[in-house]
Amino acid sequence: WMPDSAHKLSCQLSASYDSGFDLKKYYVKATYQLQIDSSMTISSRIHCSYSERFGILSYIEGKYGWGEGLFSLLLRATAFNVPSWDSRIYTYERDILGSFSVPAYYGTGVGGYLYFRYRPKRWIDVNFRCGGTLYKDPSKNYLKFSLGVSLLF
């Protein structure tokens with residue numbers, strides 16, 4: 001990362017080996033983030049994987065907060081082409097408070113989600129998430145809605 005800058009860039013290279021399946025995996029991940037102002041951030045990522053076949057995932061995400069922390073909105077659009085399960089790509093996704101999503105992307109498709117948080121008091125959070133994925137194979141498509149209310153002590 002570049003400290004004290006509105007622009008942040010990172011790159012990560014990694015590899016893994018699973019002796020049970022004699023499976024080698026290689027990953028390259030590049031992330032760019034632009035802090036437009038104190039309430040708005042745009043970020044994007046390209047994530048490549050290789051394990052006998054090459055896979056790629058890319059997303060762009062926008063986050064906006066207003067009302068001095070009262071509201072926040074996050075939108076993400078994802079596109080992926082990961083031809084095999086062995087080359088699958090995991091990516092963290094925001095979910096309602098107290099849970100998270102780390103889906104394994106494989107196949108070909110697009111996805112996205114909208115996450116909205118309303119915090120009327122310091123001790124209460126209302127979270128809404130709507131997300132889904134459209135695959136080249138329509139039988140795998142899904143849409144999910146989540147609503148959570150959390151009381152923070």
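Our subject is the structure listed above.
Residues numbered from 1 in each chain as written. Predicted model: local features only at pLDDT ≥ 70, side-chain atom pairs only at ≥ 80, totals over all residues. Heavy atoms only, no water.

Novice: So what's going on with the pattern of salt bridges? Residues and values would help.
Specialist: Evaluation of the coordinates by the stated rule reveals four salt bridges. The partner of E61 in a salt bridge is R76, and the shortest N-O contact between them spans 2.7 Å. Note that E61 is positioned in strand 4 (residues 54-66) and R76 in strand 5 (residues 71-82), a separation of 15 residues in sequence. The salt bridge involving D125 is made with R119; its shortest N-O contact spans 3.3 Å. A single network of salt bridges, built from pairs that share partners, joins R117, R119 and D125. (Salt bridge = Lys/Arg side-chain N within 4 Å of Asp/Glu carboxyl O. Helix = DSSP H or I, 4+ residues; strand = E, 2+ residues; numbered from the N terminus.)

Novice: Any details on the sheet that holds strand 8 (residues 107-121)? Residues and values, ideally.
Specialist: Here eight strands make up an open sheet; going across it, the order is 1-2-3-4-5-8-9-10 and the pairing antiparallel. Strand pairing shows two members of the sheet lacking a second neighbour, strand 1 (7-18) and strand 10 (142-151), which therefore form its edges. Averaged over all pairs of adjacent strands, the angle between strand axes in this sheet comes to 10°, irrespective of strand direction. In this sheet, strand 9 (residues 124-135) lies alongside strand 8 in antiparallel orientation, the contact comprising 11 bridges. Residue G111 lies in a different strand from strand 9, and its bridge partner there is T133. (Pairing = 2+ DSSP bridges. Axes fitted to C-alpha atoms, helices over the stretch in contact; angles between N-to-C directions.)

Novice: Tell me about the nonpolar core, and please be specific about residues and values.
Specialist: Generally speaking, a soluble globular protein has its nonpolar side chains buried in company with each other. L57, Y59, F80, V82, I89, Y105 and Y135 together form the largest nonpolar core, which totals seven residues. Counting residues per element, the ones that place at least two in this core are strand 4 and strand 5. Residues within four places of Y105 in sequence aside, it is in contact with L57, T78, F80, V82, R88, I89, T91, E93 and T133. (Core = buried A, V, L, I, M, F, W, Y, C linked by side-chain atoms within 4.5 Å. Buried < 20%, exposed > 50% of the residue type's maximum accessible area, 1.4 Å probe, protein only. Contact = heavy atoms within 4.5 Å.)

Novice: Requested: an account of a nonpolar patch on the surface, with residues and values cited.
Specialist: Nonpolar side chains collect at one region of the surface, where I36, M40, I42, I60, Y64 and W66 lie side by side and expose about 500 Å² of accessible area between them. Listed by contribution, the elements that provide at least two residues to the nonpolar patch are strand 3 (40-50) and strand 4. If you tally residues by element for the nonpolar patch, the top one is strand 4, at three residues. One can find Y64 in strand 4. (Patch = residues over 30% accessible without salt bridge, like charges linked within 9 Å, V, L, I, M, F, W, Y side chains within 5 Å. Areas by Shrake-Rupley, 256 points an atom, 1.4 Å probe, with all protein chains shown as cover.)

Novice: Please give an account of the packing of aromatic side chains that cites residues and values.
Specialist: With the rule as written, the count across this model stands at nine aromatic pairs. Centroid distance F80 to Y105: 4.8 Å. Interplanar angle 55°. Geometry classified as tilted. With F80 in strand 5 and Y105 in strand 7 (residues 104-105), the pair connects residues that are 25 residues apart, well separated along the chain. A relative accessible area of 3% means that F80 is categorised as buried. Judged by centre distance (5.6 Å) and plane angle (75°), the ring pair of F80 and Y135 falls under edge-to-face. Of this pair, F80 sits in strand 5 while Y135 sits in strand 9, and the two are 55 residues apart along the sequence. Neither residue differs from the other here; F80 and Y135 are each classed as buried. Every member of this aromatic cluster is reached through a ring pair, and the members are Y64, W66, F71, F116 and Y118. Over the aromatic face of Y59 sits the side chain of R76, whose NZ or CZ is 3.7 Å from the ring centroid. (Phe/Tyr/Trp six-rings, centres within 6.5 Å; stacked < 30°, edge-to-face > 60°. Lys NZ or Arg CZ within 6 Å of the ring centre and 35° of its normal.)

Novice: Provide a residue-level description of the environment of S44, including the pertinent values.
Specialist: Tracing the chain through its elements places S44 in strand 3. What makes S44 partly exposed here is its relative accessible area of 27%. Along the sequence, S44 and V126 sit 82 residues apart, while their C-alpha atoms lie 26 Å from each other.

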